[in-house]
Amino acid sequence: MQRWWVVAGLRAAVSSVKKIFPLPKHVAIIMDGNGRWAEKRGLPRLIGHRAGTDNVRRVVECFDAYQVKYLTLYAFSTENWRRPGEEVDGLLRILAEMIDRETRELHRRGAKLRHLGRIDGLPPLLQDKVQEALEMTKNNPGMVLNIAFDYGGRAEILEAVRRIIQDGIPSEEITESVFSSYLYTADVPEPDLVIRTGGEIRLSNFLIWQTAYSEFYSTSTLWPDFGEKEIEEALVAYSQRERRFGGLKAEGEAREG
Ligand code: IPE
Ligand code: IPE
Ligand code: MG
């Protein structure tokens, strides 16, 4: 399809969805289904991971058009090291290629890249690439794009506990906000919406502290096929949710003043 058609279609979608506020400020996505996408076509799983990585730009552009300020993408979990060595090596290679290919464009767009997860388990050259990309984009004012790579919610919580102990914080001072400030997501608001592609209905160790009150949306669409139409559907579903945070309905609150 011609590029301007895509852009025109996106603009129309944005204006129609914008009428049904509220839009989420932070969307977090579990990008699942690359392997099945490839297997369905009789292709090796790594081809699916490549197709999934190629889809990232389109999804970032679309959420940027909706002015979603924070986008978090779950790319590799602490449990994904259990996969065959060949697949893990391929995923590390694909991440390196993606940084080489996409960082400049993200920088041009004014996006700020962040990494959520452990960096020290990655190969040294990849660590350098990640650090360079973070450094290049760190002062950008636009969308904040968090890439969760070698990320696990439990590991994140344990690391926070260890650092709190090392800093000698007295137990009575450990509030929820102090604890949150020790997570990888310090100064990122909690996700309003978590989307999982590939049909499973589970978090798989993703942002387990931060998603306590997030809205959850699962679609059977496999990640490489997840595009503008599916994003619009997810945002429409989100706009119809009633978020209560343990309180009562918003009208009730308004009535009670
Ligand atoms: C998601 O796709 C990407 C990673 C977990 C790295 P999968 O590789 O899990 O794809 P399926 O679930 O096997 O289809
Ligand atoms: C979750 O997908 C992790 C990522 C998308 C990076 P998995 O495919 O690893 O999750 P499970 O194993 O089905 O729970
Ligand atoms: Mg999977």
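Refer to the preceding data block for the structure.
The rules behind the values
Throughout this document, residue positions are counted from 1 along each chain, in the order its sequence is written. Labels are handed out in written order, letters beginning with A for the chains and numbers beginning with 1 for the ligands. In view of the model being predicted, local features appear only for residues whose pLDDT reaches at least 70, and side-chain atom pairs are presented and counted only at 80 or more, with totals across whole chains, interfaces and linings using the full set of residues. No hydrogens and no water enter the side-chain calculation; it runs on all heavy atoms of the structure. Using a grid of 1 Å spacing that covers the protein atoms alone, one calls a set of points a cavity when a 1.4 Å probe fits there but cannot get out, and a pocket when the set is open and has protein on both sides within 12 Å along at least five of seven lines; lining residues are those with an atom within 4 Å of a point. Grid points are joined across faces, edges and corners, and a volume is the space filled by probe spheres set on the points. Going along the chain from the N terminus, every DSSP run of H or I of four or more residues is numbered as a helix, and every run of E of two or more is numbered as a strand. Only Asp, Glu, Lys and Arg are considered charged in this grouping, and only Ala, Val, Leu, Ile, Met, Phe, Trp, Tyr, Cys and Pro are considered nonpolar; every other residue, Gly among them, is considered polar. Only C-alpha atoms enter the line fits that serve as axes; for helices the fit covers just the stretch in contact. Angles between N-to-C directions range over 0 to 180 degrees. Oblique is the label for every angle not falling under 35 degrees (roughly parallel), over 145 degrees (roughly antiparallel), or within 65 to 115 degrees (roughly perpendicular). For any helix crossing, the convention is left-handed if the near helix is rotated counterclockwise from the far helix by under a right angle, and right-handed if that rotation is clockwise. Residue contacts are defined here by distance: any two heavy atoms, one from each residue, within 4.5 Å place the two residues in contact. Exposed residues in this analysis have more than 50% of their type's maximum accessible area, buried residues have under 20%, and partly exposed residues fall in between, with area computed by a 1.4 Å probe over protein chains only. Whether two strands pair depends on DSSP finding at least two bridges between them. When the strands point away from the viewer, a crossover counts as right-handed if the route from the first strand across the helix to the second turns clockwise. Note on ring pairs: Phe, Tyr and Trp rings are taken, using the six-membered ring of Trp, and paired if centres are within 6.5 Å. Classes follow the plane angle, with under 30 degrees stacked, over 60 edge-to-face and the rest tilted. Note on geometry: a ring has a charge over it if NZ (lysine) or CZ (arginine) is within 6 Å of the ring centre and within 35 degrees of the ring normal.

Trainee: Honestly, the layout of surface pockets in this entry has me stumped. Any pointers?
Mentor: Unfilled space is identified by rolling a water-sized probe across the atoms. Roughly 660 Å³ of volume is contained in the largest pocket. As for the largest pocket, its lining consists of 31 residues, of which M31, Y74, A75, F76 and N80 are closest to the centre. Elements represented by at least two residues in the lining of the largest pocket include exactly α2 (34-40), α3 (45-65), β2 (70-77), α4 (85-108) and β4 (144-151). Residues belonging to the lining of the largest pocket are distributed by class as follows: 14 nonpolar, nine polar and eight charged.

Trainee: Even after reading the chapter, I still don't get the packing of α3 against α4, so can you show me in this structure?
Mentor: Each pair of packed helices gets described by two things: the angle between the helix axes and the distance between those axes. Relative orientation of the contacting elements α3 and α4 amounts to 25°, with a least axis distance of 10 Å. Relative to α4, the element α3 is oriented roughly parallel. α4 is crossed by α3, and the crossing has right-handed handedness. In contact with R45, L46, H49, R50, T53, D54, V56, R57 and V60 of α3, α4 contributes E86, E87, G90, L91, R93, I94, E97, M98, R101, E102, E105 and L106.

Trainee: Sorry if this is basic, but what is going on with the pairing of strand β3 (residues 112-116) here?
Mentor: Regular strands have side chains that alternate between both faces of the sheet. For β3, a buried count of four out of five residues is recorded, marking the element as mostly surrounded by other parts of the structure. Across five bridges, β3 lies against β4 in parallel orientation. Looking across to β4, one finds that R114 is bridged to N146. The parallel pair β3 and β4 is bridged by helix α5 (residues 124-137), and the resulting crossover is left-handed.

Trainee: How do you make sense of the packing of aromatic side chains when you look at a structure like this?
Mentor: The geometry of an aromatic ring pair comes down to the distance between the two centres and the angle between the two planes. Evaluation of the coordinates by the stated rule reveals nine aromatic pairs. Centroid distance Y151 to F206: 6.2 Å. Interplanar angle 85°. Geometry classified as edge-to-face. On the criterion of sequence distance, the pair formed by Y151 in strand β4 and F206 in the loop between β5 (193-196) and β6 (215-218) is long-range, its members being 55 residues apart. By relative accessible area, which is 0% here, Y151 ends up buried. Between Y213 and F245, the ring centres sit 5.5 Å apart and the planes meet at 50°, which makes this aromatic pair tilted. Taken together, the residues Y213 in the loop between β5 and β6 and F245 in the loop between α8 (228-239) and α9 (250-255) connect sequence positions 32 residues apart. By relative accessible area, Y213 is classed as partly exposed at 46%. What links up through ring pairs into an aromatic cluster is the set Y74, Y151, Y184 and F206. Of note, R41 hangs over the ring of W37, and the distance from its end group to the ring centre comes to 3.9 Å.

Interpretation note: all reported values are geometric properties and have no functional meaning in isolation.
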